[in-house]
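Descriptive analysis of the structure
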Amino acid sequence: MSAGDILELSASAAAAAVDSGELSARELFETYRVRAAADRDAGIEGLNCFTWVADEVPAEAPPAPLHGVPIAIKDLFCVEGVPSQAGSRILEGYRPPYTASSVSRLREAGACLLAKTNQDEFAMGSSNENSAFGPVLNPWDRARVPGGSSGGSAAAVAAGLAPWALGTDTGGSIRQPAALCGIVGMKPTYGTVSRYGMIAFASSLDQAGPLTRDVSDAALMLRHMSGRDACDATSLHSASVEPPSARRLDGLRLGVPEELAGEGIEAGVLECCRSTLSLAEGLGADVAEVRLPHAPHALAAYYVLAPAEASSNLARFDGVRYGLRAEADDLLAMYTRTRHDGFGPEVKRRIMLGTYALSSGYYEAYYGRAQRVRTKIAEDFAAAFQSVDYIVSPTSPTVAFKLGERTSDPLSMYLSDYCTVPMSLAGIPAISIPCGLSDGLPVGLQLAGPALSDSRLLDAAHALEQAIEFDPRAARV
Amino acid sequence: MSENADAGAKGASDGAVPAAWEPVIGLEIHVQLATATKMFCGCELSFGERPNTHTCAVCLGLPGSLPVANARAVHFGLMIGLALGSELAPRSIFHRKNYFYPDLPKGYQISQYEEPLCRGGRLGDVRIHRVHLEEDAAKLIHVGASGRIHGSDASVVDFNRGGTPLAEIVTEPDLRSPEQCSEWLKLLRTTLRQLGVSDVNMEEGSLRCDANVSVRPAGARELGTKAELKNMNSFRYLERGIRAEIARQVEVLQRGGEVVQETLHYDPASDRLTSLRSKEEAHDYRYFPEPDLIPVAIDERMLARARAELPELPAARAERFQRQLGLSRESAQLLAFRAELGDYLEAALAAGAEPEPPPQALANWVSGELAGRLDEGADPASSRVTAAALAALVGLVSAKRVSVGAARQVLDKLVTEGGEDPAAIIEREGLAALDGGEELAAVVAAALDANADAAERVRAGNEKAIGPIIGTVMRETKGRADGGEVRRLVREQLGI
């Protein structure tokens, strides 16, 4: 098999090729390793997708369902002995003594660690411009951002530098970069994948998920990493994810919320989504309007709750035990200088926001109120799912924007997650699939389902994907 | 004018509180739970092991690690709640208490805050405010002269203790004197020891007590401004610290000053209190619900299991000792509140000694004669004196087969040599009581001869003069004679 043929294979197809003996796991891994290493060595002259790339092909392992398919993993997943910095300077040189549960499960299923991917520092960002390793570039247009925070994972998969990648989504950090890079990205039901070993941003929202070339790959990855983990008290017993096979949507009701598919959404994005809904109707689906009255408040609630949790989660980076430590004469100065030098501006901004929101006298007005909004949003979804099976909206209000375009205006950056944050607050599964191009740039369509509907959500996405026939090849490097 | 303790006020040691003032004290007790593993991870608890050998990603707060609540600690918490008669929350939640300190690797302590496991309750005459679960901090060791963080050359952290499960028991401000505090804390200690939930050792830190102390004019209803006292790591220091703080506050108030709300550190070496922080410097802990943990939901099965494991508790046992054994209230409490003495008494009563010892006499011998011969606080069950031997001995005393004095000598032998059979010792040492027979009458007659002057005076009505005569008899019989019997014989032979 030629290198070109190998790169055309989805992860599922690559695993099958290794299983049938058409391809050796070693050749598969080395093909990707060489490409990933070249991107790493090129730095900002390449796409800057990776923070670390494997030095060598892993030793041959006993046969397992994933047959040695290489996987790229977002930097914030702890892997024993492998640099894991969550895109931050404050973890400079940190190599964890243990491996994240999700990564262990994928390895046990036969996946091999190819590389760690660049990301926004501590997953805080929507453009991958907040990384200690520099920005990631969008393979569709190198002057544009890949989205974030799992920007390195999305760009690597889109560019064919990795067959698939693992990311995390707190308010849209898998779905939005997947949309901007023209690939599939899924945030499973909160609790489906163990968070143990994921460097935390906002614990009640963080969820690991796949970034893949197609829906079948997303299902395959989720199948091999989901399930209850005794190390994560919030993880769930979930039903096994089955390989998606649907080609029709007969009898399914798709709800389009005007709150997420109207004002503020770029015309080209809306148009793409509308034509996809027509395709859905052609597959037998009923498309109806639904209301999510509190969804417009989701972003405000999110920017209280997520920073509040982050301000506490990031307190451990104090220079005492690991990572960066600034020299100083006393304890307070050491703390202050370490955190001053180690955290980037967006992380500092969110720590301050969160600290303020939790302060005595302000807690009820901010944190308490935001929690109540969160409950209302979850109730909105529950009500909507009484009348529709899935909720459909654009994933991102815009296509990929230019590097530097939003860095000076945090609020405009925060709006990138306008369509994805409501599902995060409700803890429900949502998937973004590429549905077309607008001005030559990919547009993502988001499908969301009720909690624990992950398997059938993937099935519906698969049917749509088959009808859309998105061509990703323009992004290959 | 307000005053704090920064000057290092030295407490007045005489401890007398002027009658015009009433101290009001509430206690906050931290109890290390004797679970196998830590509160939120699988590390075994550590007692004096090499530093940083009982640690993992979770208790070191490594990035990405997550806590999982220890079910055994919850079980112990429920047992404590049941023992104190608390209301048990069907659903309690953990919060994060945020502050920076090197002994706190996550930058927050996981603790219960708004919804504790147990609310209310009572132990003895003190009401319980709440009981909640949390994790212990690591241990900071300050290298250098002072042993405290200020003025030390370096500080090192031992994370072995970090994450040890703690139950924090908070009382209502129902205590009124240092002595009452230490008495009550002893009752709590015995209760917790009986429950088997903790080693409850103050010196080793498995039982730690802080005190909130305020003083108000006698008869006032409103509470005065309180100070929180820390670092009183023995019953003696607890009393001394509280006494010193009461004296300081009374002195401030008597001068027309105002007590400042602050946290004080008690230094037992100097008996001084120094201010750690004032109210203005108090932390804003930014509590919020711990998103990494699910609520602790208590079901009937958990409650049933906790109830099933509840032993008889000291207060109930004291009541039973009074009711069932007819012990005096004081004696019953003494034996019940020191569980090892109570256990020993019950073992002695169950030994089936013949003649049978009366319970009160046996109780007195256990708590007085035997305990007095052992190290303070020692468990008599680990002495050489078996409960059966003591029961037999007290039975012989009660049947007047051996005098009290001789029995004390037998007990001395038992303490040093052990042995099952006090009767054999009595036999061997010739300590059997001289009954009222001819042998004793002859000794008495000889004693009267030897103390002719005293005998005259007794005959003349001076009762006190009988002492030397009885003393001679006792000496001659090596204490084997019964004092009452000797007195009777003396009077008989003197014809009075």
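All values reported here derive from a predicted model rather than from experimental measurement.

Counting secondary structure elements, chain A contains 15 helices and eleven strands. In terms of overall size, chain A behaves like a compact globule, its C-alpha atoms giving a radius of gyration of 21 Å where 477 residues would be expected to give roughly 23 Å. If you line up chain A on its principal axes, its C-alpha atoms span 70 × 55 × 45 Å. Classification of the 477 residues of chain A by burial places 65% in the buried group. Accessible surface, chain A as shown: approximately 16300 Å² in total, 52% of it carbon and sulfur. Here chain A contributes 40 positively and 56 negatively charged side chains, and the mean placements of these two sets differ by 4 Å.

Across its full length, chain B holds 15 helices and 19 strands. Against the 2.2 N^0.38 benchmark of 23 Å for 496 residues, chain B shows a C-alpha radius of gyration of 29 Å, more extended than a compact globule. A principal-axis box enclosing the C-alpha atoms of chain B has dimensions of 90 × 55 × 45 Å. Contacts in chain B between residues at least 24 apart in sequence constitute 71% of all its contacts with a sequence separation of at least 6.

So, about empty space enclosed by the protein. All names here are of chain B. Counted by the stated rule, this structure contains four cavities of 30 Å³ or more. Estimated volume of the largest cavity: approximately 160 Å³. What lines the largest cavity is a set of 21 residues, and nearest its centre among them are Val58, Cys59, Lys106, Glu135 and Gly163. When its residues are assigned to classes, the lining of the largest cavity shows twelve nonpolar, three polar and six charged. Roughly 110 Å³ of volume is contained in the second largest cavity.

What follows concerns the layout of surface pockets. Residues and elements named next belong to chain B. Quantified by volume, the second largest pocket comes out at close to 1000 Å³. Glu183, Lys186, Leu187, Phe337 and Arg338 are, among the 30 residues lining the second largest pocket, the residues nearest its centre. Contributions of two or more residues to the lining of the second largest pocket are made by α2 (178–195), α3 (235–254), α5 (314–325), α6 (329–337) and α7 (339–349). Of the residues forming the lining of the second largest pocket, the biggest block, eight residues, is contributed by α2. Its residues assigned to classes, the lining of the second largest pocket comprises ten nonpolar, seven polar and 13 charged. Looking at the lining of the second largest pocket, you find at least three residues from each of domain 1 (1–26 + 176–278) and domain 3 (314–429).

Counting from both sides, the interface comprises 38 residues of chain A and, opposite them, 30 residues of chain B. For the chain A and chain B pair, buried surface summed over both sides reaches about 2700 Å², with 60% attributable to carbon and sulfur atoms. Taken together, the links from chain A to chain B amount to one salt bridge. The residue Arg195(A) makes a salt bridge to Asp292(B) at a minimum N-O spacing of 3.0 Å.

Moving on to the packing of helix α9 (residues 298–313) of chain A against helix α11 (residues 345–358) of chain A. Residue and element names in this part refer to chain A. Viewed as axis vectors pointing N to C, α9 and α11 meet at an angle of 100 degrees, and their least axial separation amounts to 7 Å. Considered as vectors, α9 and α11 are oriented roughly perpendicular to each other. Contacts from Tyr303, Val304, Pro307, Ala308 and Ser311 in α9 reach Arg350, Ile351, Leu353, Gly354, Thr355, Ala357 and Leu358 in α11. Residue composition of the contact of α9 with α11, by class: eight nonpolar, three polar and one charged.

Residue and element names in this part refer to chain A. Among the secondary structure elements, Ile174 is positioned in the loop between β4 (164–169) and α6 (175–181). With relative accessibility at 0%, the residue Ile174 sits in the buried group. The spacing of Ile174 and Ser393 is 219 residues in sequence and 16 Å in space, taken between C-alpha atoms. Residues within four places of Ile174 in sequence aside, it is in contact with Ser150, Gly167, Thr168, Asp169, Gly185, Met186, Gln207, Ala208, Gly209, Pro210 and Leu211.

This part is about the packing of aromatic side chains. Residues and elements named next belong to chain A. Counted under the stated rule, the structure contains 21 aromatic pairs over all chains. Geometrically, the ring pair formed by Tyr303 and Tyr414 is stacked, given 3.9 Å between the ring centres and 15 degrees between the ring planes. Of this pair, Tyr303 sits in helix α9 while Tyr414 sits in helix α13 (residues 410–414), and the two are 111 residues apart along the sequence. The buried category is assigned to Tyr303, whose relative accessible area is 11%.

This part covers unusual backbone geometry. Cis geometry marks the peptide bond from Gly148(A) to Ser149(A), where omega comes out at 10 degrees. Mapping Ser149(A) onto the fold places it in the loop between β3 (112–117) and α5 (151–159). The linkage connecting Glu354(B) with the following residue, Pro355(B), adopts the cis geometry, with an omega of 0 degrees. Looking at the element boundaries, Pro355(B) is found in the loop between α7 and α8 (359–373).

All names here are of chain B. At their nearest, the axes of α5 and α7 sit 12 Å apart, and the two run at 30 degrees to each other. One finds that α5 runs roughly parallel with respect to α7. Regarding α5 and α7, the two cross each other, and that crossing is left-handed. Along its contact with α5, which presents Arg317, Arg320, Phe321 and Leu325, the element α7 presents Ala339, Gly342, Asp343, Leu345, Glu346 and Leu349. Residue composition of the contact of α5 with α7, by class: five nonpolar, one polar and four charged.

Residue and element names in this part refer to chain A. Compared with the 21 Å implied by 1.5 Å per residue over 15 residues, the 21 Å span of helix α15 (residues 454–468) between its first and last C-alpha is a close match. Turning to α15, its buried residues are Asp454, Leu457, Leu458, Ala460, Ala461, His462, Ala463, Leu464, Glu465 and Ile468. Packed against the buried residues of α15 are β5 (184–187), α7 (215–223), α8 (267–282), β9 (390–394), β10 (430–438) and β11 (441–448). One or two positions beyond α15, positive phi appears at Glu469, with a value near 50 degrees.

A few words now on helix α4 (residues 300–308) of chain B. Residues and elements named next belong to chain B. Among all positions of α4, only Met302, Leu303 and Ala306 are buried. Projected onto a plane normal to the axis of α4, the buried residues spread over an arc of 100 degrees and lie on a single side. Along α4, exposed side chains directed more than 90 degrees from the buried face belong to Glu300, Arg301 and Ala308. Contacts made by the buried residues of α4 are with α1 (71–83), β3 (87–88) and β19 (296–297).

Moving on: the sheet that holds strand β1 (residues 50–53) of chain A. Residues and elements named next belong to chain A. Taken together, eleven strands build an open sheet; the order of strands is β1-β3-β2-β4-β6-β5-β10-β11-β9-β7-β8 and the sheet is mixed. Across the chains shown, the open sheet's two edge strands, defined by having one partner strand only, are β1 and β8 (286–290). In this sheet, adjacent strand axes meet at a mean angle of 30 degrees when their direction is disregarded. Lying over the sheet, α5 contacts β1, β2 (70–74), β3, β4 and β6 (207–212), oriented at roughly 155 degrees with respect to β4.

It is worth spelling out the domain arrangement of chain B at this point. Interfaces are often described in size by the accessible area the parts lose on coming together. Residues and elements named next belong to chain B. Under the domain assignment, chain B is made up of domain 1 (1–26 + 176–278), domain 2 (34–163 + 280–307), domain 3 (314–429) and domain 4 (438–494). The distance between the C-alpha centroids of domain 1 and domain 3 comes to 37 Å. Taken together, the contact pairs four residues of domain 1 with six residues of domain 3. Here domain 1 is connected to domain 3 by one residue pair in polar contact (both at pLDDT 80 or more). Class assignment of the residues belonging to the side of domain 1 that touches domain 3 gives a composition of one nonpolar, three polar and no charged.

Bringing the side chain of Asp232(A) into the picture now. Within the secondary structure, Asp232(A) is located in the loop between α7 and β7 (253–257). Among the polar contacts made by the side chain of Asp232(A), one reaches the side chain of Thr234(A) at a distance of 2.7 Å. Setting aside its immediate chain neighbours within four residues, Asp232(A) contacts Val193(A), Ser194(A), Arg195(A), Tyr196(A), Leu66(B) and Val68(B).

Turning our attention to the pattern of salt bridges. Proximity of charged atoms lets side chains of opposite charge pair with each other. Residue and element names in this part refer to chain B. Counted according to the given criterion, the structure contains 51 salt bridges over all chains. Note that Lys106 and Glu135 form a salt bridge whose closest N and O atoms lie 2.8 Å from each other. One end of the pair, Lys106, is in the loop between β5 (94–98) and β6 (108–112); the other, Glu135, is in strand β9 (residues 126–135), with 29 residues separating them in the sequence. Each member of the pair, Lys106 as well as Glu135, is classed as buried. Ionic pairing is found between Arg248 and Glu262, a salt bridge with its closest N-O pair at 3.6 Å. With Arg248 in helix α3 and Glu262 in strand β16 (residues 262–267), this residue pair connects regions lying 14 residues apart in the sequence. In terms of burial, Arg248 and Glu262 fall into one category: buried.

Conventions used here
- Residues numbered from 1 in each chain as written.
- Chains lettered and ligands numbered in written order.
- Predicted model: local features only at pLDDT ≥ 70, side-chain atom pairs only at ≥ 80, totals over all residues.
- Heavy atoms only, no water.
- Helix = DSSP H or I, 4+ residues; strand = E, 2+ residues; numbered from the N terminus.
- Rg over C-alpha atoms; globule rule 2.2 N^0.38 Å.
- Buried < 20%, exposed > 50% of the residue type's maximum accessible area, 1.4 Å probe, protein only.
- Areas by Shrake-Rupley, 256 points an atom, 1.4 Å probe, with all protein chains shown as cover.
- Lys, Arg positive; Asp, Glu negative; His and termini not counted.
- Charge placed at Lys NZ, Arg CZ, Asp CG, Glu CD.
- Contact = heavy atoms within 4.5 Å.
- 1 Å grid on protein atoms, 1.4 Å probe; cavity = no way out; pocket = protein on both sides within 12 Å on 5 of 7 lines; lining within 4 Å.
- Points joined across faces, edges and corners; volume = space filled by probe spheres on them.
- Nonpolar A, V, L, I, M, F, W, Y, C, P; charged D, E, K, R; others polar.
- Domains from an automatic or database assignment.
- Buried area = accessible area lost by both parts, 1.4 Å probe.
- Salt bridge = Lys/Arg side-chain N within 4 Å of Asp/Glu carboxyl O.
- Axes fitted to C-alpha atoms, helices over the stretch in contact; angles between N-to-C directions.
- Parallel < 35°, antiparallel > 145°, perpendicular 65-115°, else oblique.
- Phe/Tyr/Trp six-rings, centres within 6.5 Å; stacked < 30°, edge-to-face > 60°.
- Left-handed = near helix turned anticlockwise from the far one by under 90°.
- Expected span 1.5 Å × (residues − 1).
- Arc of directions from axis to C-beta.
- Pairing = 2+ DSSP bridges.
- Polar contact = N/O pair within 3.5 Å; in protein donor to acceptor, adjacent residues only side chain to side chain.

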